[in-house]
Amino acid sequence: MANNGENPSPDVGGKTVKLKADDGEIFEVEEAVAMELQTVKSFFDDDGVSYDTVVPLLNVSSTALAKVIQYCRRAVELRAKSGDDEGANEKAREEREGLEAELVREESDEGIKELILAANYLNIKDMLSFLCRAVGDRIKNKSVEYVRRFFVLENDFSPEEEERTRNEVAWAFEGVDAD
Amino acid sequence: MSTYLPKDVVLIILSRLPPKSLLRFRSVSKSWLSLIGNPNYVSKNLLNHSILTAATAHQLLLVKLTAPSIPQRQICSFLSYQTLAFASQTPQNLPIRSPRGLSIVGSCNGLLCLFDYFSGGDIFVWNPATSELKALPCASNVDTVCFGFDHKRNECVVMRTRYAPERDPPVFITNRGDLRLNRVAEVYRLRSGDSWRKLIVDGDVPDCNGPNSRSRWAYANGVCYWWTLRGVEDEKIVAFDVSEEVFRTTPLPDASVLGRRSDVRALMVLNEWVAMVVVRNKSKWEGKLFDIWVLLEFGVKESWTRLLRIEAFPGLEWPLGFWKNGELFMENGEGELVLYDPSTQTVRNVDQVDHGVKESLQVLAYTPTTVSFEGGL
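Residues numbered from 1 in each chain as written. Chains lettered and ligands numbered in written order. Predicted model: local features only at pLDDT ≥ 70, side-chain atom pairs only at ≥ 80, totals over all residues. Heavy atoms only, no water.

## Thoughts on the interface of chain B and chain A
The criterion, for reference: Any two residues having at least one pair of non-hydrogen atoms within 4.5 Å are treated as being in contact. As used here, buried area is the combined drop in accessible area, with a 1.4 Å probe, of two parts when they are placed together. Throughout this description, the term salt bridge denotes a Lys or Arg side-chain nitrogen within 4 Å of a carboxyl oxygen of Asp or Glu. Here a polar contact is taken to be a pair of N or O atoms separated by no more than 3.5 Å, where protein atoms must pair a possible hydrogen donor with a possible acceptor and residues adjacent in sequence count only if both atoms sit in side chains. Under the scheme used here, helices are H or I runs from DSSP no shorter than 4 residues and strands are E runs no shorter than 2 residues, and both carry numbers assigned from the N terminus. Any residue that is not Ala, Val, Leu, Ile, Met, Phe, Trp, Tyr, Cys, Pro, Asp, Glu, Lys or Arg is counted as polar, Gly included; the first ten are nonpolar and the last four charged.
Contact residues are listed per partner, giving 31 residues for chain B and 39 residues for chain A. For the pair chain B and chain A, the summed buried surface comes to about 3000 Å²; carbon and sulfur atoms form 69% of the total. Across the chain B-chain A interface, the total number found is two salt bridges. Inspection of the chain B/chain A interface yields 13 residue pairs in polar contact (both at pLDDT 80 or more). Elements that contribute at least two residues to the side of chain B that touches chain A include exactly helix H1 (7-14), helix H2 (19-25) and helix H3 (30-36) of chain B. In terms of residue class, the side of chain B that touches chain A is made up of 17 nonpolar, six polar and eight charged.

## Notes on the pattern of salt bridges
Two side chains with opposite charge may pair up if their charged atoms get near one another. For clarity, the threshold we go by: For every residue, the accessible area obtained with a 1.4 Å probe (protein chains only) is divided by the maximum for its type, and the residue is called buried under 20%, exposed over 50%, and partly exposed between those limits.
Counted according to the given criterion, the structure contains 37 salt bridges over all chains. Between A:Glu168 and B:Arg26 there is a salt bridge; the shortest N-O distance is 3.2 Å. Taken together, the residues A:Glu168 in helix H8 (residues 159-168) and B:Arg26 in the loop between H2 and H3 connect one chain to another. The class of B:Arg26 is buried, set by a relative accessible area of 4%.

## Remarks on helix H7 (residues 144-151) of chain A
Burial within H7(A) is extensive, with six of its eight residues counted as buried. The set of residues buried in H7(A) consists of A:Val144, A:Tyr146, A:Val147, A:Arg148, A:Phe150 and A:Phe151. Those residues of H7(A) hidden inside the fold are in contact with helix H5 (109-121), helix H6 (125-139) and H8 of chain A together with H1, H2 and H3 of chain B. Just downstream of H7(A), A:Val152 is the residue with a positive phi angle, here 55°.

## With respect to the packing of helix H3 (residues 62-81) of chain A against H5(A)
Residues and elements named next belong to chain A. Just so we agree on the cut-off: For helices, the fitted axis covers only the stretch in contact; all axes are lines through C-alpha atoms, and the angles between them, taken along N-to-C directions, range from 0 to 180 degrees. Working definition: roughly parallel below 35 degrees, roughly antiparallel above 145 degrees, roughly perpendicular at 65 to 115 degrees, and oblique for all remaining angles. Throughout, a crossing is termed right-handed when the near helix is turned clockwise from the far one, and left-handed when it is turned anticlockwise from it by less than a right angle.
H5 packs onto H3 with a crossing angle of 70° between their chain directions and a minimal axis gap of 10 Å. The orientation of H3 with respect to H5, classified from their angle, is roughly perpendicular. Crossing hand, H3 versus H5: right-handed. In contact with Ala 64, Lys 67 and Val 68 of H3, H5 contributes Glu 114, Leu 115 and Ala 118. Taken together, the residues of the contact of H3 with H5 break down into four nonpolar, no polar and two charged.

## Focus on the packing of H5(A) against H6(A)
Residues and elements named next belong to chain A. Interaxial distance between H5 and H6 falls to 9 Å at its minimum, and their mutual angle equals 155°. Judged by the angle between their axes, H5 and H6 are roughly antiparallel. H6 is crossed by H5, and the crossing has left-handed handedness. Only Met 127, Leu 128, Leu 131, Cys 132, Val 135 and Arg 138 of H6 make contact with H5, whose side of the interface consists of Asp 109, Ile 112, Leu 115, Ile 116, Ala 119 and Asn 120. Residue composition of the contact of H5 with H6, by class: nine nonpolar, one polar and two charged.

## Considerations on the confidence of the model for chain A
For clarity, the threshold we go by: The predictor's confidence in any single residue is recorded as pLDDT, a number from 0 to 100.
Averaged over all residues, the pLDDT of chain A is 88; the fraction at 70 or higher stands at 93%. Taken as a whole, residues 1-7 of chain A scores under 50 in pLDDT and shows 14 contacts with residues more than four places along the chain or in a different chain.

## A closer look at the sheet that holds strand E23 (residues 346-349) of chain B
Residues and elements named next belong to chain B. The following threshold applies: Strands qualify as paired when DSSP identifies two bridges or more between them.
Reading across from one edge, E20-E21-E22-E23 is the order of the four strands in this open sheet, with antiparallel pairing throughout. Each having just a single partner strand, strand E20 (316-322) and E23 make up the two edges of the open sheet. Within this sheet the neighbouring strands show an average axis-to-axis angle of 35°, counted without direction. Judged from the four bridges that link them, strand E21 (residues 328-332) and strand E22 (residues 337-341) form a sheet pairing that is antiparallel. In the sheet register, Phe 329 faces E22, and the bridge partner there is Leu 339.

## Observations regarding unusual backbone geometry
Residue and element names in this part refer to chain B. Its identity as a non-glycine residue notwithstanding, Ser 131 has a phi of 65°, on the positive side. Within the fold, Ser 131 resides in the loop between strand E6 (122-127) and strand E7 (132-135). Overall, Ser 131 belongs to the partly exposed group, its relative accessible area being 46%. Backbone geometry at Asn 221 places phi at a positive 55°, although glycine is not the residue there. Within the secondary structure layout, Asn 221 lies in the loop between strand E12 (217-220) and strand E13 (223-229). Judged by its relative accessible area of 57%, Asn 221 is exposed.

## Side note on the confidence of the model for chain B
Residue and element names in this part refer to chain B. Residue-level pLDDT values for chain B average 85, and 88% of them are 70 or greater. When the elements of chain B are averaged for pLDDT, helix H5 (residues 176-181) gives the smallest value, 55, and H2 the largest, 97. In the predicted assembly, ipTM is 0.88 and pTM is 0.86.

## Digging into the pairing of strand E18 (residues 289-295) of chain B
Residues and elements named next belong to chain B. Burial runs high along E18: seven of the seven residues are buried. As paired elements, E18 and strand E19 (residues 304-310) share six bridges and run antiparallel to each other. Bridge pairing in E19 places Leu 295 opposite Trp 304.

Next up, the structure:
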């Protein structure tokens, strides 16, 4: 797959960096955006690594990488807008929250988890933080069974143990979303 | 095939969850049970972190006390909320008739609401940063005052309840029950009104009546809380939602859980939850016993959770409010402000504040504003 419309090659004079996803797809990204990914930044911080080197991101799918790049690009733009002006900062903050909401809104549980893994591997602190917050919001009213499926966890309680643990805080099981 | 998230990421997700969710998710697996832990205030586990960590950072701590001078003066000191470093002190003598009667009902948006309950009706709104002081239209027989912020209409609201014998038909007072029939609740909106407006209340207007005269009301997130006693066994906490203008009640834990009815109880808030500290007198050398309870879900009696017991500190007299990370402001036997740290079980003096007349100390979170409220706030 060639570069798609979401990832146009910039024709301004800035430096770009090439990132390679797990399926071999190459994304050419502005340097400022690429440096949002701390993993990429560390890659180039090593002596002798030229900026022409393609950065292999073996643990990130091209779908996830495309979304990460899109998010970071807009995050960099928004950060450039804020400054000393409180009004401008407030507006930038609201736009940023809108950007975050947009990113997670359409995502399935699997999609969000994939993005979390990408943000974790690429070491993008802000992105990981809001993705975790979004997952928290998704699961906070869910049942124990739903959470087990989401986190791929085995129920290792005996039936008696589980019943006892539940009964200790029976009230916390009221008002839970149906699965 | 479902994606598996590594443990450090799971911890970040869980650290954002509210206590009710965490308590339920203890049943997910044995490792989550141990990770989430039990509510006991002192252990560093996810559950205690979610209960004790504040969502908002306050700027200042307001400490009010009555100075033991002649004539007695009400002094307000402002400390940095984060460090407790001294910031300022008000020079102004508050307009009061009886020094011991003045209480700060609440702090919202840089404004303080003062209630002189000995006078039975004087209510003031005060901005210490601009020195503006406004006396609200007076009435007599006011028993409860609360002060909160209406997020929907973006204004501060004062609510009061009072005995209003002008309500018809007139009732000949024979006992305390009759007093309840003639009570009204009224609101005064700082931005959109010049007068008190009577509320239409479903049923009786709840009164403010509890096991002691101190620490009877509390406020968090647009809701005011206070004690009420409907019958001998029917003690509840009332919540008044300032935006919706409705009253709700929540029961206390069963007597078997809570302990003797003769214990006194201080009402306060811990972050967004109603909390109470049960105070039991023991012997003079043992000091008092303090049990800290938090109500994790309003209206649900079983969600009362005991967090901590403080005992064997003979100097401690009364709980005043929570600081950060679960530390508790208290008053000692000399009328001094002290701080109890549950993780080390130690008490230290807050030196930046002088001692006051006993039982006159109050602490409140406060963030100043220089916006004039005559322009509407």
